[in-house]
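Inside the fold
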Amino acid sequence: MSRLIATVFYIGLLRPAPGTWGSAAAVALAYGGLWLILAATVALFFIGLWAAREQIAASGDNDPSFVVIDEVVGQWIALWPVFIGGTMAANRIEGDILRLWPGFVAGFILFRLFDIWKPGPIGKADRRGDALGLMLDDVIAGVFAGLIVILLAALSHGLMILL
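All figures in this text were calculated on a predicted structure; none of them were measured in a lab.

The subject of this paragraph is the overall build of the protein chain. A tally of regular secondary structure across the protein chain gives 8 helices and 0 strands. The order of helices and strands in the protein chain, counted from the N terminus, is α-α-α-α-α-α-α-α. Radius of gyration (C-alpha) of the protein chain: 16 Å, near the 15 Å computed for a compact globule of 163 residues. Here the C-alpha coordinates of the protein chain stretch approximately 55 × 30 × 25 Å along the principal axes. Here the protein chain holds 163 residues, and 44% of them are scored as buried.

Structure, rendered in structure tokens:
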């Protein structure tokens, strides 16, 4: 069961770039309202922590590439601003969150960038060499990406006002 969860239904076994496949799956699975995605992210963090611990123990590798549950959690955090924006603008977008696709694309690209680059605290968490570090580096990458998504949305909104 832990392998099924850690690999997100075996998506982590896809090659090349299992982390990118995991992030893409996270975007596809990010459905529902703001409160659902927030609760699911928190729940999946703790479930993922357990599954990652199990897979690290079974494989003997501190960061097995097939474990992509961390990418799902981090990617969802990067998308929180899109869901918050969608909730705030529900009347204007008539409930169709897919109209916020630029935010989904930006969140995906930015999350992958930070997850691969691992600047500052992301790299520090990754170097812990345990299941918590495996999960936390993606959580922090998701926060960084989400903050830039907010900045991009603010800039985009400012430009729309000027036009």
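Turning our eyes to something else, we now look at the nonpolar core. Residues Val-67, Ile-69, Val-73, Trp-76, Phe-83 and Met-135 are the most contacted members of the largest nonpolar core, which totals 39 residues. The set of elements that each furnish at least two residues to this core consists of helix H1 (2-6), helix H3 (34-59), helix H4 (69-88), helix H6 (101-117) and helix H8 (131-162). When near neighbours in sequence (up to four residues on either side) are disregarded, Ile-69 contacts Ile-5, Ala-6, Val-8, Leu-44, Gly-48 and Met-135.

For the rest of this paragraph, the subject is helix H2 (residues 18-29). Relative to the 16 Å expected for 12 residues at 1.5 Å per residue, H2 spans 16 Å between its end C-alpha atoms, a close match to the ideal helical length. Taken together, the buried positions of H2 are Pro-18, Gly-19, Gly-22, Ser-23, Ala-25 and Ala-26. Buried residues in H2, looked at end-on, bunch into an arc of 160°, giving them a common side. If you follow the buried residues of H2, they end up packed against H4 and H6.

This part takes up H6. Each full turn of the α-helix corresponds to 3.6 residues, which orients residues three or four apart in the same direction. With 17 residues, H6 extends 24 Å between its outermost C-alpha atoms, agreeing within 8% with the 24 Å of an ideal straight helix rising 1.5 Å per residue. Regarding H6, the residues found buried are Gly-103, Phe-104, Ala-106, Gly-107, Leu-110, Phe-111, Arg-112, Phe-114 and Asp-115. A positive phi of about 55° marks Lys-118, the residue just after H6.

Bringing the side chain of Ser-2 into the picture now. The topology assignment puts Ser-2 in helix H1. In this structure Ser-2 touches Trp-50, Ala-51, Glu-54 and Gln-55, once residues within four positions along its chain are discounted.

Rules used in this analysis
- Residues numbered from 1 in each chain as written.
- Predicted model: local features only at pLDDT ≥ 70, side-chain atom pairs only at ≥ 80, totals over all residues.
- Heavy atoms only, no water.
- Helix = DSSP H or I, 4+ residues; strand = E, 2+ residues; numbered from the N terminus.
- Rg over C-alpha atoms; globule rule 2.2 N^0.38 Å.
- Buried < 20%, exposed > 50% of the residue type's maximum accessible area, 1.4 Å probe, protein only.
- Core = buried A, V, L, I, M, F, W, Y, C linked by side-chain atoms within 4.5 Å.
- Contact = heavy atoms within 4.5 Å.
- Expected span 1.5 Å × (residues − 1).
- Arc of directions from axis to C-beta.

Fair warning: the whole summary comes from geometry, so function is off the table for now.
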